[in-house]
Every structure is written in C-alpha cells, then in structure tokens.
Amino acid sequence: MRRKLAAGNWKMNGTAADLHQIDALAARHPVPSVDVLVCPPATLLARMAGAVADTAITVGGQDCHQEASGAHTGDISAQMLAAAGATFVILGHSERRTDHNESDALVAAKTAAALAAGLDPIVCVGESLEEREGGRTLEVIGRQLDGSVPDGVPAARLVVAYEPVWAIGTGRTPTIQQIEEVHRFLRKRLTERLDQQARSVRLLYGGSVKAGNAADIFAVPEVDGALVGGASLKAEEFSPIIAALEQAR
Ligand code: PGA
C-alpha cells in the first residue's frame with residue numbers, strides 16, 4: 001500500500017563536478033521498484049532535475065521558506081523549488097532546527113507552504129542523546145510530530161523521517177528495537193490525528209544508514225525507507241541501500 005522510498009540528502013555537499021553520480025545512480029537503477037529521491041544543494045537542483053528527467057529518479061529540496069516570495073534575502077520558496085524540478089522537500093531536519101533555530105511551528109508553516117506549492121514534505125523528527133538518555137524520546141518526538149505537521153495534511157503526500165540526532169553522521173545507530181518502538185509510536189500518534197488515513201503516511205528512518213545496516217533496518221515493521229546523508233553522495237554507496245530496500249518485504 002505504501003511505496004517504499006530511498007531518499008538521499010546531499011546536505012552542503014556537491015558541485016556540478018559531482019553530477020556524474022546521479023547519472024551513475026540512474027544507470028544502476030533504470031526501473032527501481034521503490035521511489036528513489038536525491039536532494040542536492042539548491043545550486044544543483046535544476047541541473048540535477050534535467051539530468052534525471054528521463055529516469056525513474058526524482059529530486060527534492062533540503063528546506064524552503066514559509067512564504068511564496070518576498071524580501072527574504074538568501075531564502076528559497078517552495079514554488080521556486082518546484083519550478084526548478086523538485087517534487088519533495090526535506091523540512092525540519094535537525095541541522096536546520098539546530099543551526100537555524102527552527103521551531104515546530106515554523107516547520108509546520110513550511111510544510112503547509114510546500115504542500116501548497118505541490119511539493120511532498122519530508123518532515124524530520126528526532127531526539128538528542130541527552131533526551132534519549134533522560135527517557136524522554138517519545139515525549140520529544142510526539143511533541144515535534146504534533147507541532148511540525150499542519151492540520152489538513154493529505155496523508156498520502158506526507159513523509160515523516162525519524163532521525164535520532166545522535167545517529168546523524170556519527171556511525172552510531174539505534175537498536176532495531178529502538179527504531180521499531182519509535183516507528184510504531186509515530187504510526188499510533190498519526191492515527192490519533194488522521195485516523196485510517198495515517199496508514200498512507202510513509203515513515204523513514206535516518207541516521208548513519210549504510211549498505212551494511214540497511215537490510216536490518218528495512219526489516220523493521222513500520223519502516224518504509226530511509227533518509228540517507230553521507231552514503232547518498234556516491235552512487236556506489238547509495239545503490240546497495242536502494243537494492244536492500246527493493247528486497248525488503
Ligand atoms: P547520515 O545523515 O546518513 O550522514 O547520518 C542522515 C541525515 O541527516 O539525513
């Protein structure tokens with residue numbers, strides 16, 4: 001019912017010299033049985049969209065402003081991302097929440113803006129190490145989820161990524177049981193709000209996903225795919241993750 005999604009987040013990495021990676025990825029996955037998305041820096045979005053135009057791969061943004069246009073130097077609107085070829089946008093990533101002080105309310109406003117512009121939002125939530133060790137993981141994630149997802153969201157277009165802050169870029173991953181606990185909690189919390197529609201929301205895990213742990217993570221109930229940072233930069237590292245997702249049941 002839910003199509004699986006392998007999403008790559010290039011973060012602040014990559015120039016035109018790296019676009020061959022997307023060609024290589026497309027060549028390895030001409031007809032993927034899962035959705036494959038790459039979110040490059042905004043400077044590469046239009047060129048990457050052109051490069052994947054005749055392939056099954058789609059491209060997305062890493063953030064957007066909550067307004068459609070205006071005097072916001074350095075910002076990019078959801079409409080602009082869509083016009084450049086994006087179909088998705090990552091919102092509320094922990095690096096945005098930390099580096100740019102993004103609140104749940106701001107992420108909700110951005111999510112509404114993305115939906116209005118025709119982009120499907122990937123809303124990120126996740127606890128810090130201190131919050132996990134203090135036993136507050138579900139409380140924090142519940143609050144982030146409630147506050148970051150706007151009312152009236154079309155469930156089939158919503159993607160939620162569980163990304164424990166302490167697992168991002170660290171090589172550390174939660175146990176399978178910890179991932180399962182959070183993903184089951186997310187589904188339950190979404191069901192309280194969206195009723196049966198919640199079944200259409202795709203739930204991704206993110207944080208140090210790589211070829212060596214992907215199959216185990218994808219076997220976890222309620223995990224519909226991954227948001228991959230470092231390992232998405234090179235086709236030869238992202239490709240086996242996509243393959244593992246294709247093989248997951
Ligand atoms: P990572 O990043 O795969 O490099 O840990 C994941 C993310 O931040 O989306």
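One can find the structure itself at the top, above this paragraph.
Residues numbered from 1 in each chain as written. Predicted model: local features only at pLDDT ≥ 70, side-chain atom pairs only at ≥ 80, totals over all residues. Heavy atoms only, no water.

### Observations concerning the pairing of strand 5 (residues 120–125)
Worth spelling out the cut-off: A simple rule labels every residue: compare its accessible area, found with a 1.4 Å probe on the protein chains alone, to the largest value its type can have, and call it buried under 20%, exposed over 50%, or partly exposed in between. By definition, any uninterrupted DSSP run of H or I lasting at least four residues is a helix, any uninterrupted run of E lasting at least two residues is a strand, and each is numbered from the N terminus. In this description, strands pair whenever DSSP reports at least two bridges between them.
The buried count for strand 5 comes to six of six residues, which makes it a mostly enclosed element. Alignment of strand 4 (residues 86–91) against strand 5, held across four bridges, turns out to be parallel. Its bridge partner being in strand 5, I90 is matched across the sheet by I122. By the bridge criterion, four bridges tie strand 5 to strand 6 (residues 159–162) in an arrangement that is parallel. Paired with C124 across the bridge in strand 6 is A161.

### Focus on the side chain of Q144
This is how the line gets drawn: In the analysis that follows, any N or O atom pair within 3.5 Å is treated as a polar contact, provided that within protein one partner can donate a hydrogen and the other can accept it, and provided that, for residues neighboring in sequence, both atoms belong to side chains. Two residues qualify as a contact provided that any one of their heavy atoms is within 4.5 Å of a heavy atom in the partner residue.
Of note, Q144 is situated in helix 7 (residues 137–148). A polar atom in the side chain of Q144 sits 2.8 Å from the backbone nitrogen of G126. Setting aside residues up to four positions removed in sequence, Q144 forms contacts with R97, D104, V125 and G126.

### Comments concerning helix 1 (residues 20–28)
Where we set the bar: Think of the arc as the fan of directions from the helix axis to the C-beta atoms.
Among the residues making up helix 1, those that are buried are Q21, I22, L25 and A26. Viewed end-on, helix 1 has its buried residues packed into an arc of 135°, placing them on one side of the element.

### A few points about the nonpolar core
Most often, soluble globular proteins keep nonpolar side chains buried together rather than apart. Here is the rule: Among buried residues, the Ala, Val, Leu, Ile, Met, Phe, Trp, Tyr and Cys ones that are joined through side-chain atoms within 4.5 Å form a nonpolar core.
Ranked by size, the top nonpolar core spans 65 residues in total, and within it L25, L186, F218 and F238 carry the most contacts. Those residues in contact with F238 that lie beyond four places of it in its chain are A6, A7, G8, L25, V36, L37, V38, V228, A231 and S232. Listed in part, the twelve residues of the second largest apolar core include L37, I90, V159 and L227.

### Things to note about the site of the ligand
The condition that has to hold: Residues are classed as near a molecule or strand on a simple rule: at least one heavy atom within 4 Å of it. All accessible areas in this document rest on Shrake-Rupley with a 1.4 Å probe, and a residue is counted as covered only by the protein chains that are shown. Gly falls in the polar group here, along with every residue not listed as nonpolar (Ala, Val, Leu, Ile, Met, Phe, Trp, Tyr, Cys, Pro) or charged (Asp, Glu, Lys, Arg).
By nearness alone, 13 residues border the ligand, and K11, H93, E163, G169 and S208 come closest of all. A distance of 2.8 Å separates an oxygen atom of the ligand from a polar atom in the backbone of S208. Here the ligand loses 95% of its free accessible area of 290 Å² to cover by the protein chains. A per-class count over the shell around the ligand returns four nonpolar, seven polar and two charged.

### Looking at the sheet that holds strand 2 (residues 35–39)
The criterion, for reference: In this description, a line fitted to the C-alpha atoms serves as the axis of each element, helices being fitted only across the stretch in contact, and the angle between N-to-C directions of two axes falls anywhere from 0 to 180 degrees.
Strands sit in the order 1-2-3-4-5-6-7-8 around a closed barrel of eight strands; the barrel is parallel. Between one strand and the next, the sheet's axes are offset by a mean angle of 25°, whatever the strand orientation. Pairing between strand 2 and strand 3 (residues 57–61): three bridges, direction parallel. Along strand 3, the bridge assignment pairs V38 with V59.

### Here's the deal with the pattern of salt bridges
Charged atoms that come close allow side chains of opposite charge to pair. As a reminder of what qualifies: By salt bridge we mean one thing: a side-chain nitrogen of Lys or Arg within 4 Å of a carboxyl oxygen of Asp or Glu.
Considering all chains together, one arrives at 19 salt bridges under this definition. In this structure, D63 engages K110 in a salt bridge whose closest nitrogen and oxygen atoms are separated by 2.7 Å. With a gap of 47 residues between them, D63 in the loop between strand 3 and helix 3 (78–83) and K110 in helix 5 (residues 104–116) connect regions that are remote in the sequence. For the pair shown, D63 and K110 are each scored as buried. Between R193 and D151 there is a salt bridge; the shortest N-O distance is 2.9 Å. With R193 in helix 8 (residues 176–194) and D151 in the loop between helix 7 and strand 6, this pair connects stretches of sequence that are 42 residues apart. One network of salt bridges, with partners in common, ties together R2, R187, E222 and D224.

### Focus: the side chain of K110
On the accessibility criterion, K110 (4% relative accessible area) is buried. There is a polar contact of 3.2 Å between the side chain of K110 and the backbone oxygen of C64. Not counting residues within four places of it along the chain, the set of residues in contact with K110 comprises D63, C64, H65, Q66, L91, R96 and E102.

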